[in-house]
There are 2 protein chains.
Amino acid sequence: MKKFFLERVCLIFATWLLILTAHAETNDPLPSWNAGPIKQSIIQFVQTITDKNNPDYVPPADRIATFDNDGTLWLEQPMYTEVIFAFDRIKSLAPQHPEWKSKEPYQAILHNQYSHLTAQAIGKILTITQSGMSIDDFKEIEKNWLATTKNLRYHHYYTELVYQPMLEVMNYLRQHGFKVYIVSGGGQEFIRTYSQNVYDVPPEQVIGSADKINYVYHHHQPQLMNVPAVLFISNYQGKPEAINLFIGKKPIIAFGNSDGDRQMLEWTQSGSGKRLMLLVHHDDAVREYAYDTQSKVGTFSKSLMDEAKQNHWQIISMKNDWKVIFPFEKNKA
Amino acid sequence: MKKFFLERVCLIFATWLLILTAHAETNDPLPSWNAGPIKQSIIQFVQTITDKNNPDYVPPADRIATFDNDGTLWLEQPMYTEVIFAFDRIKSLAPQHPEWKSKEPYQAILHNQYSHLTAQAIGKILTITQSGMSIDDFKEIEKNWLATTKNLRYHHYYTELVYQPMLEVMNYLRQHGFKVYIVSGGGQEFIRTYSQNVYDVPPEQVIGSADKINYVYHHHQPQLMNVPAVLFISNYQGKPEAINLFIGKKPIIAFGNSDGDRQMLEWTQSGSGKRLMLLVHHDDAVREYAYDTQSKVGTFSKSLMDEAKQNHWQIISMKNDWKVIFPFEKNKA
């Protein structure tokens, strides 16, 4: 009888502990973030600007948050996913182009020799592989690639290699009336194909570099065709320029990770009232990659770090601030 | 006593009639539209696509409606408001440019001789008057002009010369989960300055022709400067192209009034499921203007009318379908 009583007490205590823990977890909007100044600054910022009694209150219409994509929301090493897609596309088109076997940059790509390719050559390949077809056809090709191609290091699909802590931030902001935008140097159409399913960001809130398109008729049906010409590049100064073009308002929060995000963060900070600027620093060679000043992909130069410190931008340490990197690690955590 | 009783009955009857009428009015989402096939088609369309049990149901994320601006949402005769603004700007800048007195097209503008100005000359004037300054400065100049300049025929501010029936349609659509966009050949920045206050359309839902802008530093503060160069023109085929660039989805409703809207309506119709395409026909010389094939401003050519009839686009007769044209007429109606 005594034993039975003790068992009962233990059971009640255990249940109570479980409820408490679960409650604490559901109350934490950013469970994949380690406690620390960064996590605190995000939560504090949101609490402040949504508090009607606070002088820094921001009405919902002006709650604009902008996120870079590559290296901020998903993996960008050892190459941008869009570039891997374009190279794969060159390989699958190669049988129809025997001349590529002896022509650069195709030859290098067909032999997996990417290291000497210039940014210009890569840009050319991106434009070639995305033009000369309708936008619908391009999206079909991309969807098929995303659904069938796995990353060689992680053995996961690329759309699974998004950062769980950032998904939580985007969700947390939306729950507090923010309009969450992606502002990427990457291709707008490329990101829009998966942004709704993966980030819960609809196409109209994806801003990226854009090629020209042409409205044409095909069998009397209107079609939008990709043209091999750049309309604008949404990187560096192109980010605030594109933010103005698409949104017409200044963000109050901006997340980036590399030199290309510098002007977006400056532009965000230049508004009145409270502002939050953050940079993801890839310093986790074990779980992801460690790179900054020396990397060709996602360069985080010393001058950006200096500007960040001077302007009190937050530096997110992937290693220290993130409990898990990718969604599939959640159960292991 | 009998008379008193009759009076009472009459009073009760009159009150009852009043209540009935008032009730009917609050239940009418489009009170400034006369009963008829157009009004019915709009209401029926919205009821159908918002009914979850209907095979033509459209989820809120895809409820995209696009509206042309000049001649569809507000007055465009005898000249586009933006052009009147630009000409006024030339006049106010003239003292600083004595050379304009003998130089075309300035000379013609300074003498109010507009009839021979080419579209190219007008385009040049628009670009000149909006460039060489920051976007913030431009908006200040425009706001000041809108707040002080009245239309010569109506003696009302230009932002009061918007079409009441269209305000009701936009509002009705928003109440049913639509995202309402303006897609105009006019200048994006020009429309954004007043769109929130006048149409309840936020800047991020205004798509218009856009000049290039440059991100620059002024006293170490970032600024966006207008550059005298066109980025894209959102008219004719430029409308579906801009819709794709900004929204990435096909509209399910599109309103226009002239040849420049043709491709937007074609593009809207080319999607699957139910679609609604409408054109405002300016046939009311008494209350507004009557013009179509012969007008340089807001040309509604015979070939557009033919295409509209063939494709079952609705033609809105301003004269017959609209009870009132402008909001300030509501009390008179």
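Residues numbered from 1 in each chain as written. Chains lettered and ligands numbered in written order. Predicted model: local features only at pLDDT ≥ 70, side-chain atom pairs only at ≥ 80, totals over all residues.

## Things to note about the overall build of chain A
Regarding its fold elements, chain A presents 12 helices and 7 strands. For the C-alpha atoms alone, the extent of chain A along its principal axes is close to 85 × 55 × 50 Å. Counted over contacts in chain A with a minimum sequence separation of 6, partners at least 24 positions apart contribute 64%. (Helix = DSSP H or I, 4+ residues; strand = E, 2+ residues; numbered from the N terminus. Contact = placed C-beta atoms within 7 Å.)

## Some thoughts on the sheet that holds strand 1 (residues 64-67) of chain A
Residues and elements named next belong to chain A. The 7 strands are arranged 4-3-2-1-5-6-7 in an open sheet whose pairing can be described as mixed. Of all the strands in the sheet, the pair left with one neighbour each is strand 4 (221-232) and strand 7 (314-317). The sheet shows a mean angle of 30 degrees between the axes of neighbouring strands, taken without regard to direction. Two strands pair when backbone bridges link them, and strand 3 (residues 206-218) and strand 4 are joined in this way by 8 bridges, in the antiparallel orientation. The residue of strand 4 that forms the bridge with I213 is N226. Each of strand 2 (179-187), strand 3 and strand 4 touches helix 5 (residues 119-130); the most contacted strand, strand 4, lies at about 175 degrees to it. (Pairing = 2+ DSSP bridges. Axes fitted to C-alpha atoms, helices over the stretch in contact; angles between N-to-C directions.)

## Structural notes on the sheet that holds strand 3 (residues 206-218) of chain B
All names here are of chain B. Spatially, 7 strands are ordered 4-3-2-1-5-6-7 in an open sheet, and the strand pairing comes out mixed. The two strands at the open ends of the sheet, each matched to only one other strand, are strand 4 (221-232) and strand 7 (314-317). Sheet twist, expressed as the mean angle between neighbouring strand axes with direction ignored, is 35 degrees. Across 3 bridges, strand 2 (residues 179-187) lies against strand 3 in parallel orientation. In the sheet register, I182 faces strand 3, and the bridge partner there is V206. Packed on one face of the sheet, helix 8 (residues 188-199) meets strand 2 and strand 3 and runs near 145 degrees to strand 2.

## A word on the interface of chain B and chain A
Listed as interface residues are 25 residues of chain B and, on the opposing side, 25 residues of chain A. Every element with two or more residues in the side of chain B that touches chain A is listed here: strand 3, strand 4, helix 9 (238-246) and helix 10 (262-269) of chain B. Top contributing element to the side of chain B that touches chain A by residue count: helix 9 of chain B, with 5 residues.

## Points about the packing of helix 3 (residues 81-93) of chain B against helix 5 (residues 119-130) of chain B
All names here are of chain B. For the pair helix 3 and helix 5, interaxial distance at closest approach is 9 Å and the crossing angle is 65 degrees. The angle between helix 3 and helix 5 falls in the class roughly perpendicular. Note on packing geometry: the crossing formed by helix 3 with helix 5 is left-handed. Every residue of helix 5 that contacts helix 3 at E82, V83, A86, R89 and I90 is listed here: I122, I125, L126 and T129. Taken together, the residues of the contact of helix 3 with helix 5 break down into 6 nonpolar, 1 polar and 2 charged. (Parallel < 35°, antiparallel > 145°, perpendicular 65-115°, else oblique. Left-handed = near helix turned anticlockwise from the far one by under 90°. Nonpolar A, V, L, I, M, F, W, Y, C, P; charged D, E, K, R; others polar.)

## A closer look at the nonpolar core
Within the largest apolar cluster, 114 residues are counted, with the highest numbers of intra-cluster contacts made by I182 of chain A together with F67, Y181 and I182 of chain B. In contact with I182 of chain B, other than residues within four places in its own chain, are F67, N69, I191, S195, Y199, V201, Q205, V206 and I207 of chain B. (Core = buried A, V, L, I, M, F, W, Y, C linked by C-beta atoms within 7 Å. Buried ≥ 20, exposed ≤ 12 C-beta atoms within 10 Å, placed from the backbone.)

## A closer look at helix 5 of chain A
Residue and element names in this part refer to chain A. An ideal rise of 1.5 Å per residue puts 16 Å on 12 residues; helix 5 measures up with 17 Å between its terminal C-alpha atoms. The inward-facing, buried residues of helix 5 contact helix 3 (81-93), helix 6 (135-148), strand 2, helix 8 (188-199), strand 3 and strand 4. Looking at the residues trailing helix 5, positive phi occurs at G132, about 75 degrees. (Expected span 1.5 Å × (residues − 1).)

## Things to note about unusual backbone geometry
Each neighbour pair has its own omega, and for E104 of chain A with P105 of chain A the value is 0 degrees, a cis peptide bond. Relative to the helices and strands, P105 of chain A is located in the loop between helix 3 and helix 4 (106-110). In this structure, the amide linkage connecting Q77 of chain B to the following residue, P78 of chain B, adopts the cis form with an omega of -5 degrees. Inspection of the secondary structure assignment puts P78 of chain B in the loop between strand 1 (64-67) and helix 3.

## Re the relation of the copies chain B and chain A
If you rotate chain B by 180 degrees and push it 0.0 Å along the axis, it lands on chain A with an RMSD of 0.0 Å. The superposition operator between the copies reduces to a two-fold rotation axis. Closest to the rotation axis within chain B is the C-alpha of F246 of chain B, separated from it by 3.4 Å. Looking at the interface residues of chain B, 100% of them are also at the interface in chain A, so both copies use one shared face. (Least-squares fit on C-alpha atoms with pLDDT ≥ 70 in both.)

## Description of the packing of helix 9 of chain B against helix 10 of chain B
To describe two helices that pack against each other, one gives the angle between their axes and the distance between the axes. Residues and elements named next belong to chain B. Between helix 9 and helix 10, the least distance of the axes is 7 Å, while the angle of their chain directions is 55 degrees. Between helix 9 and helix 10, the angle falls in the class oblique. Contacts from K239, P240 and I243 of helix 9 reach helix 10 at Q263, M264 and W267. Taken together, the residues that form the contact of helix 9 with helix 10 break down as 4 nonpolar, 1 polar and 1 charged.

## Observations regarding the environment of K302 of chain B
Mapped onto the fold, K302 of chain B is located in helix 11 (residues 302-310). C-beta crowding within 10 Å serves as the criterion here: with 9 such atoms nearby, K302 of chain B is assigned to the exposed category.

## Quick look at helix 8 of chain B
Spacing of three or four residues puts side chains on the same side of an α-helix, whose turn is 3.6 residues. Residues and elements named next belong to chain B. Given a rise of 1.5 Å per residue, 12 residues ought to cover 16 Å, yet the end C-alpha atoms of helix 8 are separated by just 14 Å, more than 12% below that figure. With respect to burial, helix 8 is a largely interior element, 9 of its 12 residues being buried. When we look at burial in helix 8, the residues that qualify are Q188, E189, F190, I191, R192, T193, Y194, S195 and Y199. Buried-residue contacts for helix 8 involve helix 3, helix 6 (135-148), helix 7 (164-175), strand 2 and strand 3. Looking one or two residues beyond helix 8, the residue adopting positive phi is D200, at roughly 65 degrees.

## Here's the deal with the confidence of the model for chain A
The share of residues in chain A with pLDDT of 70 or more is 92%, and the mean pLDDT across the chain is 93. Prediction confidence for the complex, expressed as pTM and ipTM, is 0.92 and 0.91 respectively. (pLDDT = per-residue confidence, 0-100.)

## Focus on the pairing of strand 7 of chain B
All names here are of chain B. Relative to strand 7, strand 6 (residues 276-281) runs parallel, the two being bridged by 4 bridges. What sits directly across from H281, in strand 7, is S317. Remark: the strand 6/helix 11/strand 7 crossover connection has right-handed handedness. (Right-handed = clockwise from strand over helix to strand, strands pointing away.)

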